[in-house]
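Remarks on the overall topology
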Amino acid sequence: MTEPTVYLDSLPEAAVALLRAVHDALDIPLSGTADADGRAYARLLQHRALDARVILAGVLHDDHNVGRAAEQLREWTADQPVTYTPWTADGGAA
């Protein structure tokens, strides 16, 4: 049996907020060419992926409030900003 087609605009607002929060947490710019930038990028991505997994596990397994989970992930993401030099489209680090 095929599942019905579901589009973003048909989801509850809290679910959309959580999807956007996960996307934004993981959508970090690639690092510049310096080794330190590459390591900082990897640490940040690993940390934010772990945060997203914790939030999603709380929603999926522990019945956490979806809207509050989105807010919490946004707070955690803001606490871990990009501190390395990002890659630029003109062929190098900014």
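Refer to the structure presented above.
Here goes a summary of the coordinates provided. (Residues numbered from 1 in each chain as written. Predicted model: local features only at pLDDT ≥ 70, side-chain atom pairs only at ≥ 80, totals over all residues. Heavy atoms only, no water.)

With respect to the nonpolar core
As a rule of thumb, nonpolar side chains are buried together in soluble globular proteins. What counts, and what does not: Joining through side-chain atoms within 4.5 Å is the link that ties buried Ala, Val, Leu, Ile, Met, Phe, Trp, Tyr and Cys residues into a set, and such a set is a nonpolar core. Any residue under 20% of the maximum accessible area for its type is buried, any over 50% is exposed, and the rest in between are partly exposed; the area is computed with a 1.4 Å probe on protein chains only. Working definition: helices are DSSP H or I runs of at least four residues, strands are E runs of at least two. Numbering for both runs from the N terminus. Any two residues having at least one pair of non-hydrogen atoms within 4.5 Å are treated as being in contact.
If you look at the biggest cluster of nonpolar residues, it comprises 10 residues: Leu 18, Ala 21, Val 22, Ala 25, Ala 52, Ile 55, Val 59, Ala 69, Ala 70 and Leu 73. At the level of secondary structure, the elements contributing two or more residues to this core comprise α1 (13–26), α2 (35–62) and α3 (66–79). With 4 residues, α1 is the largest single contributor of residues to this core. Excluding its chain neighbours within four sequence positions, the residues that come into contact with Val 59 are Leu 18, His 64, Val 66 and Ala 69.

What about the packing of α1 against α2?
Which entries qualify depends on this criterion: Lines fitted to the C-alpha atoms define the axes, with helices restricted to the stretch that makes contact. Angles between their N-to-C directions range from 0 to 180 degrees. With respect to orientation, any angle under 35 degrees is reported as roughly parallel, any angle over 145 as roughly antiparallel, any angle of 65 to 115 as roughly perpendicular, and every other angle as oblique. Handedness of each helix crossing follows the sense of rotation of the near helix against the far helix: counterclockwise by less than a right angle gives left-handed, clockwise gives right-handed. Residues are grouped as follows: Ala, Val, Leu, Ile, Met, Phe, Trp, Tyr, Cys and Pro are nonpolar; Asp, Glu, Lys and Arg are charged; all remaining types, including Gly, are polar.
It is the contact of α1 with α2, at a shortest axis distance of 9 Å, that shows an interaxial angle of 165°. Judged by the inter-axis angle, α1 sits roughly antiparallel to α2. Relative to α2, the crossing made by α1 is left-handed. Counting all contacts with α1, which are made through Leu 18, Val 22, Asp 24, Ala 25 and Leu 26, the residues of α2 involved are Leu 45, Arg 48, Ala 49, Ala 52, Ile 55, Leu 56 and Val 59. Of the residues contributing to the contact of α1 with α2, the split by class is 10 nonpolar, no polar and 2 charged.

Side note on the packing of aromatic side chains
Cut-off, in case you're wondering: Pairing of aromatic rings covers Phe, Tyr and Trp, the last through its six-membered ring, and needs centres within 6.5 Å; plane angles under 30 degrees mean stacked, over 60 mean edge-to-face, and all others mean tilted.
One pass over the full model with this rule turns up 1 aromatic pair. The interplanar angle of 80° and the centroid separation of 6.0 Å between the aromatic rings of Tyr 41 and Tyr 84 together place this pair among those described as edge-to-face. With Tyr 41 in helix α2 and Tyr 84 in the loop between α3 and β1 (87–88), this pair connects stretches of sequence that are 43 residues apart.

A word on α3
The test is simple: To estimate the expected span of a helix, subtract one from its residue number and multiply by 1.5 Å. Here the arc refers to the directions that run from the helix axis out to each C-beta atom. In the analysis that follows, any N or O atom pair within 3.5 Å is treated as a polar contact, provided that within protein one partner can donate a hydrogen and the other can accept it, and provided that, for residues neighboring in sequence, both atoms belong to side chains.
Over its 14 residues, α3 extends 20 Å from the first C-alpha to the last, a length consistent with the 20 Å expected when each residue adds 1.5 Å. When we look at burial in α3, the residues that qualify are Ala 69, Ala 70, Gln 72, Leu 73 and Thr 77. Down the axis, α3 shows its buried residues gathered within 165° of arc, on one side only. Away from its buried face by more than 90 degrees, α3 exposes Ala 78 and Asp 79. Where the residues of α3 are buried, they touch α1 and α2. With a side-chain oxygen positioned 2.9 Å from the backbone nitrogen of Gly 67, the residue opening α3 is Asn 65.

What about the pattern of salt bridges?
The cut-off we apply is this: Here, a salt bridge means any side-chain nitrogen of Lys or Arg that lies within 4 Å of a carboxyl oxygen of Asp or Glu.
Under the definition given, this model contains 3 salt bridges. A salt bridge links Arg 74 to Asp 24; the nearest nitrogen and oxygen atoms lie 3.0 Å apart. In this pair, Arg 74 sits in helix α3 while Asp 24 sits in helix α1, placing the two residues 50 residues apart along the sequence. Looking at Arg 74, the relative accessible area reads 38%, which means it is partly exposed. In this structure, a network of salt bridges that share partners links the residues Arg 68, Glu 71 and Glu 75.

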